[in-house]
Every structure is written in structure tokens, then in C-alpha cells.
Amino acid sequence: MNGIVFDIKRYAVHDGPGIRTTIFLKGCPLRCLWCHNPESFSPLVEEFYQEKRLGDKVVQDKVQIGKKYSVTDLVKEIEKDQLFFDESGGGVTFSGGEPLLQIDFLETMLRECKAMDFHTVVDTSGFAPKENFERITKNVDLFLYDLKQLNNKEHKQLTGVSNQQILDNLSYLIEQKKNLIIRFPMITGFNDSKEHIMEMIKFLTDLTYQSEIHILPYHRIGKDKYSRFEKENRMPDIPSMKEEDTLWAKELFEEAGFRVSIGG
Ligand code: SF4
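Described below are features of the structure shown in this document. (Residues numbered from 1 in each chain as written. Predicted model: local features only at pLDDT ≥ 70, side-chain atom pairs only at ≥ 80, totals over all residues. Heavy atoms only, no water.)

Around the ligand, the neighbouring residues are C28, L30, C32, C35, S40, F41, G97, S125 and K148. Partitioned by chemical class, the residues of the shell around the ligand number five nonpolar, three polar and one charged. (Near = heavy atom within 4 Å. Nonpolar A, V, L, I, M, F, W, Y, C, P; charged D, E, K, R; others polar.)

The strand order β5-β1-β2-β6-β7-β8-β9-β10-β11 describes an open sheet built from nine strands, whose pairing is mixed. Edge positions in the sheet fall to β5 (67–70) and β11 (259–262), since each has one partner strand and no second. Here the strands of the sheet are splayed against their neighbours by 30° on average, with no regard to which way each runs. Both strand β1 (residues 2–12) and strand β2 (residues 20–25) contribute to a ladder of five bridges, which runs antiparallel. When the bridges of β2 are listed, V5 appears paired with L25. Here helix α6 (residues 164–175) sits on the sheet in contact with β8 (142–146) and β9 (180–186), set at roughly 155° to β8. Across the sheet, helix α9 (residues 247–255) lies against β9, β10 (212–217) and β11, angled at about 165° from β11, the strand it touches most. (Pairing = 2+ DSSP bridges. Helix = DSSP H or I, 4+ residues; strand = E, 2+ residues; numbered from the N terminus. Axes fitted to C-alpha atoms, helices over the stretch in contact; angles between N-to-C directions. Contact = heavy atoms within 4.5 Å.)

Restricting attention to buried positions, one finds in helix α1 (residues 71–79) the residues V71, L74, V75, E77 and I78. Along the axis of α1, the buried residues cluster in a sector spanning 155°; they form a single face. Contacts from the buried residues of α1 go to β1, β2, β5, α2 (82–88), β6 (91–95) and α3 (103–115). (Buried < 20%, exposed > 50% of the residue type's maximum accessible area, 1.4 Å probe, protein only. Arc of directions from axis to C-beta.)

Before going further, it helps to examine the pattern of salt bridges. In this structure the tally under the stated criterion is 18 salt bridges. We note a salt bridge from K26 to E46, for which the minimum N-O separation is 2.8 Å. Taken together, the residues span a long stretch of sequence, with K26 in the loop between β2 and β3 (46–54) and E46 in strand β3 at a distance of 20 residues. For E46, a relative accessible area of 14% corresponds to the buried category. Between K231 and E46 there is a salt bridge whose closest N-O contact spans 3.0 Å. Pair noted here: K231 is in the loop between α8 (225–228) and α9 and E46 is in strand β3, with a separation of 185 residues, a long-range link. (Salt bridge = Lys/Arg side-chain N within 4 Å of Asp/Glu carboxyl O.)

Below you can see the structure in the form of C-alpha cells.
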């Protein structure tokens with residue numbers, strides 16, 4: 001069985017506990033306005049031509065985004081970092097794109113990783129059929145789960161999709177008592193009102209979630225990738241958010257009993 005990977009990040013320290021190897025699976029059904037990885041949108045291997053200067057000449061350079069890996073080959077790549085996992089309490093993180101889009105490959109990779117006793121994290125938008133979550137939960141030690149906007153109409157404007165499935169899957173994972181961390185990408189003018197934060201607190205508390213939240217302040221990195229990879233740029237023309245701009249929201253979550261950090 002093969003999967004399409006668009007990046008492998010070694011020594012990652014923001015994608016779960018310890019030192020991790022993060023595997024970025026290609027393909028995402030969402031189109032978040034702030035996405036830093038537009039090269040992840042298509043589930044296929046893609047080729048682009050980019051201009052490159054060689055002395056006084058400009059040449060067309062072919063760039064391939066995405067590479068096909070067999071389960072065996074990807075496990076071999078991950079195994080190279082086992083020493084770091086053992087020493088730091090780290091492991092492997094599957095991110096994207098949306099990793100559950102390649103569910104057969106993801107399910108098999110997670111099974112293989114658990115057979116080798118690696119700690120496993122899945123970083124997900126939550127936008128996938130519930131059956132896909134049911135197939136993987138037993139082999140996932142921690143979910144990093146995005147919660148972007150509770151109002152469905154605004155969620156569609158922000159991401160291109162409804163939030164219903166995302167909220168239902170979150171409720172399912174909490175019922176299953178899975179370890180999870182909520183990741184909240186905070187975007188000026190889109191989901192950063194006090195009213196929305198209070199709604200999130202009520203929603204999570206009603207689900208009996210009383211754990212950890214990571215606030216991810218909006219920043220405009222990756223803007224140039226849209227033209228490089230021939231994707232429509234819908235990134236809002238607003239300044240990046242600073243950590244201090246999010247402190248009031250952190251305080252509100254903390255007052256409600258959540259453990260909160262800012263950034264990864
Ligand atoms: S879910 Fe992640 S990868 Fe997909 S569009 Fe949104 S930010 Fe980009």
C-alpha cells in the first residue's frame with residue numbers, strides 16, 4: 001500500500017510531546033483562508049516550474065510536491081529517529097493536509113508504529129467520516145484537534161466546509177475518553193470576539209472537555225506559496241497577530257478551568 005507524503009519534518013517539538021518526526025500527508029478537503037500549506041490541497045503528486053537564476057541566466061526549475069511512499073519505506077524513515085523518541089518521550093505525528101483523507105494508509109501506518117511502540121499523534125481538522133476516526137482511535141495516543149469557528153455559516157466562509165461533522169467527531173472522541181488537545185487558530189475579525197470565546201468555553205464544557213487548549217495566533221507566513229504553487233490566495237489582508245493580542249482569550253479559557261498555551 002502507498003501513501004502520498006508532501007513533507008517529513010524531523011526533530012519537531014511543537015507537534016506533540018518530546019522530539020517528534022512529523023509526516024505530512026498530502027490532500028485536504030478544506031480551504032482555510034489562512035492556510036500556510038497550499039501545496040497540501042491536492043491529494044496527488046504535483047509538478048511545478050519555477051524560475052531560478054544561474055549566474056546571468058534564468059532557467060526553469062522543475063519542483064515536485066509530494067512523494068509516494070510504501071508503508072515499509074515510510075516506517076524505515078521513521079525508525080531512523082527512534083533514539084530521539086526514546087530519549088525525549090517523543091514519537092511520530094501524522095499531519096497534513098488532512099491525514100484522515102488517506103485513511104487506509106494512515107490506519108496501516110498507525111498500526112505499524114504502535115507495533116514498534118512509538119507514541120502516535122494525529123493532527124486533524126476533524127473533517128472526515130466518523131468511521132474513519134473509529135478505524136484509527138485505538139492506535140492514536142493523542143489527537144491535536146482544530147476548532148476554528150462554532151457558527152456554521154462563518155465556518156463555511158472561513159474554511160469552505162460545514163463544521164457539523166467536525167463537532168460531531170469531537171464529541172465522539174471526548175465520549176471515547178481519547179487524549180486530545182484543542183488547537184484554536186485565532187484570526188483577527190473572524191473568530192476572535194469575546195462572544196465566540198465564551199461560546200467555545202460553553203460548548204467544550206458541555207461536552208465535559210476540561211483539558212488543554214493551544215491558541216495559534218494568525219500569521220501571514222506562506223503567502224508567497226500561493227503564487228508559486230498556482231493556488232488562489234484567499235489569505236486575509238490583515239496584520240499577523242502577536243502573542244500578547246491573545247492573552248485576554250487565554251485568561252478567559254484559564255478562568256474556565258482549561259490549561260492553555262499560546263503557539264504549537
Ligand atoms: S485544514 Fe489545515 S491544511 Fe487544510 S486548508 Fe485548513 S489549514 Fe490548510
